[in-house]
Amino acid sequence: MIAVTEPRRVATVAMSARVGHELGLTSKEVSYLMRFEGNVNKDTKIKFMTDGVLLKEIQTDFLLSKYSVVIIDEAHERSVYTDILLGLLSRIVPLRRKRGNPLRLIVMSATLRVEDFIENKRLFKEPPPLVKIDSRQFPVTIHFNKHTYNDYLKEAYKKAVKIHTRLPEGGILIFVTGQQEVRYLVRKLKASFPYRKDVDYTKVITKKSVGEVDTALDSEPEDIESDDDEVEKEMKRARKARRKAKIKAKALPKINLDDYDMPEDDGQADLVGSDDDSEGHLTDSDNEDKILETEIRSCREPVWVLPLYSMLSSSKQARVFASPPAGARLCVVSTDVAETSLTIPHIKYVVDTGKKKMR
């Protein structure tokens, strides 16, 4: 048999289906196995599994005598299981060779530091051969936010709204850090652009022009390099001057130093409550919220929003690979499971919050 390990459950199921489809084989020959789930049988030739499953099999059969090839996929993820597996397999390979029943070990990755493996004499006494395969590459343009906001979920939501209301068709993939955030964002996007089964959206929707692309992705008016920059600067200066004048005009509370009770009003309340004390770009952001609200109301195209995280059931995870309903835009809100080893079709825009939970 051929064993292929994946660090994530989603990838295990998706890859076995894809490889089976491309080789023209049934799920009897290309199967998958993970904790609590699998469709392996006696006819299985290629077996996809999570790395923990292979580690369990080593406990019962150290030489992995059932397998002729072991492929460790996505080795750059460097999970604990992957690292232990590589250590054990580097001992199993020479043992199998001595016994005249060689085992091939293939370590695969898109972004691996190869030196860690090739130059590591403790891992492999003879340096293993390196095969580089060039894959198709697509042009990617990257847009950064000018300001880093604390509420990254709100920003991700705003970006998704802008992409949907202003840009040509194509799926959106949003990266957040955990299950709760995925669910929150899914709820919010569903509420903004609901999909109704009884409406035929193909007749309702008018297509957006490609010319609007760059302006929609920029987060604020000042992000766009244009002649309006001077006007923008002037407005900011005026705003600052107004704020300074207001602060000077505020009367200080009169405090009797002999009276040790707290005065009724110590001046803090109106400092906290005043909107004028916020930074310039935050007020711009408030204006932007109003613009987005009107755009959400006027947009008639729905969004087909799907969650994706590791604890989601396999049947629900598989929905992200299916085509969205006619007239709806696909939007997948995911944790970093969709970062590697998965190719979700129809994705054209990626919104990355840049955050990740780390142990």
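Notes on the structure follow. (Residues numbered from 1 in each chain as written. Predicted model: local features only at pLDDT ≥ 70, side-chain atom pairs only at ≥ 80, totals over all residues. Heavy atoms only, no water.)

### Observations concerning the pattern of salt bridges
Oppositely charged side chains can pair when the atoms bearing their charge come close.
1) Next: Within the structure shown, the criterion is met by 13 salt bridges.
2) Next: Residue Arg-8 is joined to Glu-77 by a salt bridge in which the shortest nitrogen-to-oxygen separation is 3.1 Å. Here the residue Arg-8 occupies a position in the loop between strand E1 (2–6) and helix H1 (9–23), and Glu-77 occupies one in the loop between strand E5 (69–72) and helix H3 (80–98), the gap between them amounting to 69 residues.
3) Next: With relative accessibility at 18%, the residue Arg-8 sits in the buried group.
4) Next: We classify Glu-77 as partly exposed; its relative accessible area is 23%.
5) Next: Its salt-bridge partner being Asp-116, residue Arg-113 comes within 3.1 Å of it at the nearest N-O pair.
6) Next: The class of Arg-113 is exposed, set by a relative accessible area of 57%.
7) Next: Taking relative accessible area as the criterion, Asp-116 reaches 28% and is therefore assigned partly exposed. (Salt bridge = Lys/Arg side-chain N within 4 Å of Asp/Glu carboxyl O. Helix = DSSP H or I, 4+ residues; strand = E, 2+ residues; numbered from the N terminus. Buried < 20%, exposed > 50% of the residue type's maximum accessible area, 1.4 Å probe, protein only.)

### Digging into the sheet that holds strand E8 (residues 303–308)
1) Next: Spatial ordering of the open sheet is given by E8-E9-E7-E10, a layout of four strands whose pairing is parallel. Because the sheet does not close on itself, it has two edges, and the strands there are E8 and strand E10 (347–352). In this sheet, adjacent strand axes meet at a mean angle of 20 degrees when their direction is disregarded.
2) Next: As paired strands, E8 and strand E9 (residues 329–334) are joined by six bridges and run parallel to one another. Among the inter-strand pairings, Leu-306 is bridged to a residue of E9, identified as Val-332.
3) Next: Seen against the sheet, helix H6 (residues 179–192) touches strand E7 (171–175), E8 and E9 and runs at an angle of roughly 170 degrees to E8. (Pairing = 2+ DSSP bridges. Axes fitted to C-alpha atoms, helices over the stretch in contact; angles between N-to-C directions. Contact = heavy atoms within 4.5 Å.)

### A few points about the side chain of Ser-192
1) Next: Looking at the element boundaries, Ser-192 is found in helix H6.
2) Next: Those residues in contact with Ser-192, other than ones at most four positions away along the chain, are Tyr-157 and Ile-296.

### Things to note about the pairing of strand E2 (residues 30–34)
1) Next: By the criterion of burial, E2 is predominantly enclosed, with four of the five residues buried.
2) Next: Relative to strand E4 (residues 46–50), E2 is paired through four bridges, and the arrangement is parallel. Within E4, the residue paired with Ser-31 across the bridge is Lys-47.
3) Next: By the bridge criterion, two bridges tie E2 to strand E3 (residues 37–38) in an arrangement that is antiparallel. What sits directly across from Met-34, in E3, is Glu-37.
4) Next: Hairpin connection between E2 and E3: a loop of two residues separates the two successive antiparallel strands, and Phe-36 in this loop has a positive phi of roughly 70 degrees.

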